[in-house]
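Close look at the chain arrangement
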Amino acid sequence: MTMVNFPVSTVGMDRNDTFTGRDDDIRRVHELLTGAEKETVGSNNPSDANYFVGGKTGPMCCVLHGVAGMGKTQIALEYTYRHQSEYDAMFWLEAEHDWTLTSTYAQIADQLGLLEAKTSEDDGDERQKLAIRKALEWLQTTERKWLLVFDNTEDINDINKYLPLEIVGQGSILITMQKPTGSLAVKDLGIIPVNPLTRDDAAKLMLKYMQAEPSDEMEDEIARDLSNTVDGLPLAIAIVGGCISKLGGNLRDFVGKLKTSSGASTTKAVGPVKNLETVFNVAITVLSDNARTMIGILAFLNGDHIPEEIFITAIEKRSLDFLDNKADFLKLSHELDQRQLIRWNESGTEAYLATHRTVQWNVLLYLSRDPAQRWKVFQQALRLVRDVLPAKSPFIVPSSDTWPRFQKYGAHILSLRAHCLWPDPPIELPVNFAQVLSDMGTYMWHAGELPEGQEALETAVNIMDKNELEDSHPLRANAYEMLGIMSSFEGVSERKHSMDLRYKALEARKLSYDSIPLGKVTRDDEIKRWTVESDVAYGSVQQEDFEPAAEIMERCFKKYQEWGPEDDYPYQYSQYYQILGVCRMAAGKPAESIEAITHCVDLLIKSSDIMHPMTQLMRFITGYLTWHAGEPQKALEIMISVLEARRKMVGGFSHFTLESYSTCARLLADNGDYEKARIYLDRCLERRKRAAWNEEGVARAQYRYAYILDKLGDKSEAEKQRASAMRTQDRILRDCPDYLPITDDDEAVFDQMVSIWAGRFTGKLKQANLNFPSESDLGGNEPDLKPDALDLEPEDSDLGSDTEAVEISAKT
């Protein structure tokens, strides 16, 4: 660890020298963050403006909320400058998307010198997660006074895993968001609504942006009236003032333009959104043509953080006809910045542009009136993103080679997808965007972001359909293949759909492969062709059709051997040994099963590393196969270490982590440790309320919870949990009778409801191994990644052991 000179800060934005008013808001923020308001506030009503939830430990927290354009970020920024001398460390976190939040949180470790070298885009996913973990540990254990600012928080639940809940020193957390809803895992929380500027402050702010004093009392009154017209929204006032300043005109001229602009004369008592639209229509018409194109491109991207590198790369590749050099880019950026349409940041490690969401919405609305121009601008934005992505589409292979650029620019891909769909009618998307979305879906699968990955892939398929892409096109196979894999984790309700997608992928890949001229087939072509073949085997294993799965994989294995040794194709061979391990267990050969699955893990470590999510998935499978092999204690050790790894890699709220909690609880119950099993399931079922977990997995966890509560004597709660689980089971039995066993064994039904990769402790795997061998008969060496002690408590840095989430009320 390097020596650090305090104070330190990652607040990258310059102080806003036009900031006006808001003294009462900043005073209240400071009182809440320093604990002073505990002595003065007595209300515990969430609908009260003075609402406060108090406690004695943990950091102090304040939430600033209000509609877009109200100035929440500027209040938070001004607070950091006014009180910077009172903090040893300040860290600004861009929290609208997990992408940007992860990146900016990792910078804390860089600023504090917690790692041997700073993180960069060339580092792997695990490097960034290590930086986050080190930062969180520092915040929890330091005696320094620190402040975290989570700006533009979209969903309060997304930031819980980044909160240091039990601290040694003095810590404060400031959050800006539009709607204060969700459960925040803190003990000390205050909420402040941000209201429009007063008439006087709004007029002062407008004149500041105009860089002028009122010429007479009438102009001063016009400034007040114009501020009222936009309902005191600071963003609208900034745009008006910036436009008047650059036009060289005056308030009277601008008011005239507003009155004659489209829609203004037909609007009476308009609200802030409509008024801002009218203001913006005037603002954009006075931009230069190139500046108007550039703000249009920015509107399609993730407005929180648009790296300068995107445009520099475009200049180098001659991708944009209106940018010949960096000087052109800087000139346009300056023009937009002066008109308050963007924020230009050069401080910190990387220069970037940012634009307010309200500006983006209005730009998109403006572009929708000219479909041809909208299409042209979208194409330019897409070209920008494609220029900075990896040159080749990644195979469906766990790898750390391609993740950094998808990690850095993935938010822009998702923004492109969202911003081309609104306003109606949506843009008719091109096939090259389907390629980008397909690659994005592959990355998100590896990162464990299943719902957003599926959305990206489904959009890709829709693009192919609308463009009437032939069935043999390679893109179709890519999308179907990934959708089949992702949907297989959703449980029995998606099992048929998953298998259909796998067969569609196989058919598309065969057509594509067969269309390649003789002698032109490459090894990459063969890998793609045989990967979808093995995917069908995976689908068969889901249904416990082990014999056909084994036959398919034996054919694949022979093909792999033709290509070369295992060290040259570790991922492909790992697939074979994974299926072999499960099939050998179903055949009553536990020693061969454990040997195969252990070898699978070894190969995946070579293909990626031990801390890759796919490697941990194989270790999870190793755990439950070890249980079937008659080694429950060893299985529990493996499962606990997988849980720890998953919490570090994909967080405490992911699908994978929740299944690990549930499975560890089941094995602890086998061991008679019902109290600890209850704690694991408490965590599991509490977190699932804030996570994208399928209902089959939830129902099985509830069933397990009921069993454990019965053992602990809590009959009433056990009955509630069991009733909820059985309602789900009854409905799924009606909907999916062909995939579920007819039996009185409820656990067997719940096991079949979930993916086999979520672990099954009944069915054919158990029936084949009723006589367990001894440990000495098994063999195989499980990789050494175990917790320090088996009795490790099921708590982690993203949820304190005795901290309850505080509900944030939207009524505030």
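Basis of the calculations
- Residues numbered from 1 in each chain as written.
- Predicted model: local features only at pLDDT ≥ 70, side-chain atom pairs only at ≥ 80, totals over all residues.
- Heavy atoms only, no water.
- Patch = residues over 30% accessible without salt bridge, like charges linked within 9 Å, V, L, I, M, F, W, Y side chains within 5 Å.
- Areas by Shrake-Rupley, 256 points an atom, 1.4 Å probe, with all protein chains shown as cover.
- Salt bridge = Lys/Arg side-chain N within 4 Å of Asp/Glu carboxyl O.
- Lys, Arg positive; Asp, Glu negative; His and termini not counted.
- Charge placed at Lys NZ, Arg CZ, Asp CG, Glu CD.
- Helix = DSSP H or I, 4+ residues; strand = E, 2+ residues; numbered from the N terminus.
- Buried < 20%, exposed > 50% of the residue type's maximum accessible area, 1.4 Å probe, protein only.
- Pairing = 2+ DSSP bridges.
- Contact = heavy atoms within 4.5 Å.
- Axes fitted to C-alpha atoms, helices over the stretch in contact; angles between N-to-C directions.
- Core = buried A, V, L, I, M, F, W, Y, C linked by side-chain atoms within 4.5 Å.

With an unreviewed UniProt entry as reference, the chain is termed NB-ARC domain-containing protein, source organism Cladonia borealis.

The next point concerns a negative patch on the surface. A cluster of acidic residues, Glu 470, Asp 471, Glu 507 and Asp 514, forms a negative patch on the protein surface. Relative to the elements of secondary structure, Glu 507 occurs in helix H19 (residues 495-514). A relative accessible area of 44% means that Glu 507 is categorised as partly exposed.

Read across the open sheet, the three strands follow the order E9-E11-E10; overall the sheet is antiparallel. At either margin of the open sheet sits one strand with a lone partner, and together these are strand E9 (306-307) and strand E10 (343-345). Summarising the sheet, E10 and strand E11 (residues 352-354) pair through three bridges and their orientation is antiparallel. Its bridge partner being in E11, Trp 344 is matched across the sheet by Leu 353. Contacts between helix H12 (residues 326-338) and the sheet are confined to E10 and E11, with E10 contributing the most and set at about 130° to the helix.

Working note: regular strand, side chains alternate between the two faces of the sheet. Extensive coverage of strand E6 (residues 170-177) is indicated by the burial of seven of its eight residues. By the bridge criterion, six bridges tie strand E3 (residues 60-65) to E6 in an arrangement that is parallel. Residue pairing in the sheet places His 65 in a bridge with Met 177 of E6. Summarising the sheet, strand E5 (residues 145-153) and E6 pair through seven bridges and their orientation is parallel. Note that in E6 the partner of Leu 148 across the bridge is Ile 173.

The next thing to look at is the side chain of Glu 308. Along the chain, Glu 308 turns up in helix H11 (residues 308-316). The class for Glu 308 is buried, based on a relative accessible area of 14%. Beyond its immediate stretch of four places on either side in the chain, Glu 308 contacts Lys 326, Phe 329, Leu 330, Trp 344, Ala 351 and Tyr 352.

One finds Leu 174, Ile 295, Phe 311, Tyr 624 and Trp 757 to be the most contacted residues of the largest nonpolar core, which totals 192 residues. Counting residues per element, this core draws most heavily on helix H22 (residues 570-586), at ten residues. Excluding residues that lie within four positions of it along the chain, Tyr 624 makes contacts with Met 639, Ile 756, Trp 757, Gly 759, Arg 760, Phe 761 and Leu 765.

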